[in-house]
Each structure stands twice: as C-alpha cells, then as structure tokens.
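One-letter residues, chain by chain:
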Amino acid sequence: QVQLVESGGGLVQAGGSLRLSCAASGRTFSSYAMGWFRQAPGKEREFVQAISGTGDVTYYADSVKGRFSISRDNVKNTVSLQMNSLKPEDTAVYYCAASKSMATLRSGYGMDYWGKGTLVTVSS
C-alpha cells in the first residue's frame, strides 16, 4: 500500500512560481512511475508531467513545456513539481499519482494510487 500526500499549493500572482511536493509512504517508491495531473473547475482532469522510477525519463504536457519541471528523490520518497511563469489557466487542483506502468500513468487511467490533491490558484 502506498499513500500519497501533496503539499505546496496556494495563491500566486501570474508570472510567479510554486513548488509542489508529493510525499509517498511505502518501501517500493522507486518501482513506481510518478506523475502530476490537474483538474480545473468544470474541466476534465489532465496530464501534466511524469517521471520514471529511476528519474531518467520524463514526459510533459505541451501546455507546461519550458515552465514546469518534475523531479524525484528516491531516498526521501518524494516527487516534486516546480512551476514557473504561472498563468491564470494553470489554476487547478493538482494531484500526484503512482503507477507501475509509465504507459498507464500517461493515459491518466488505472492508476495504482492517487493523492487527494492540492489547490493552486493563479491570479491575473
């Protein structure tokens, strides 16, 4: 069993930065690909970024290219999302997710575990 707890959300002005963190319980953290998703009010959940278990492979959505970056620490069992140059359209609840399969993770369906989310609000 793995539990995921997100933190770091908040209110920020457009152009600002935030760093989200996801702390994972369990001893097999490095065996999971990890990802971040977001869901804005009235919209479907969307993929943001993902990172492989070893941290050497990452994927990102075009909407965050060049602005967001994902990283992980397999000693501390954490995955982080550094968000720069934030825009009002980045406003959403951000969720951390874990899957044994990167393909599953990127699809957004069939995750092994989800966190409860953290709210990011970007004001204009």
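Relevant structure appears above.
Okay, so let's go over this structure. (Residues numbered from 1 in each chain as written. Predicted model: local features only at pLDDT ≥ 70, side-chain atom pairs only at ≥ 80, totals over all residues. Heavy atoms only, no water.)

## As for the pattern of salt bridges
Considering all chains together, one arrives at three salt bridges under this definition. As a salt-bridge pair, R38 and E46 come within 2.5 Å of each other at their nearest N and O atoms. Overall, R38 belongs to the buried group, its relative accessible area being 5%. Given a relative accessible area of 33%, E46 falls into the partly exposed group. Measuring nitrogen to oxygen at the nearest pair gives 2.9 Å for the salt bridge that ties D90 to R38. You can see D90 sitting in the loop between β8 (78-83) and β9 (92-99) and its partner R38 sitting in strand β4 (residues 33-39), a full 52 residues away along the chain. Of the two residues, D90 and R38, neither departs from the other in class, the shared state being buried. (Salt bridge = Lys/Arg side-chain N within 4 Å of Asp/Glu carboxyl O. Buried < 20%, exposed > 50% of the residue type's maximum accessible area, 1.4 Å probe, protein only. Helix = DSSP H or I, 4+ residues; strand = E, 2+ residues; numbered from the N terminus.)

## Points about the sheet that holds strand β3 (residues 18-24)
One open sheet accounts for four strands, arranged β1-β3-β8-β7; its pairing is antiparallel. Only two strands of the sheet have a single neighbouring strand rather than two, namely β1 (4-7) and β7 (68-73). Taking the axes of each pair of neighbouring strands and ignoring which way they run, one obtains an average angle of 15° across the sheet. Here β7 pairs with β8 via six bridges, running antiparallel. For R72, the partnering residue across the bridge sits in β8 and is V79. (Pairing = 2+ DSSP bridges. Axes fitted to C-alpha atoms, helices over the stretch in contact; angles between N-to-C directions.)

## Here's the deal with the state of the cysteines
Per the stated rule, a full pass over the model turns up one disulfide. The disulfide partner of C22 is C96, and the gap between their sulfur atoms is 2.2 Å. Negative torsions about the S-S bond denote left-handed disulfides, and the value of about -80° found for C22 with C96 makes this one left-handed. Here the residue C22 occupies a position in strand β3, and C96 occupies one in strand β9, the gap between them amounting to 74 residues. In this structure C96 comes out as buried when scored by relative accessible area, which is 0%. (Disulfide = S-S within 2.5 Å.)

## What to know about the packing of aromatic side chains
The way to describe two aromatic rings as a pair is by their centre distance and the angle between their planes. Summed over the entire model, instances satisfying the criterion amount to four aromatic pairs. A centroid spacing of 5.7 Å and a plane angle of 70° characterise the contact between F37 and F47, whose relative ring orientation is edge-to-face. Of this pair, F37 sits in strand β4 while F47 sits in strand β5 (residues 46-51), placing them 10 residues apart in sequence. Each member of the pair, F37 together with F47, is buried. Connected via pairs of aromatic rings, a cluster forms that spans F37, F47, Y95 and W114. (Phe/Tyr/Trp six-rings, centres within 6.5 Å; stacked < 30°, edge-to-face > 60°.)

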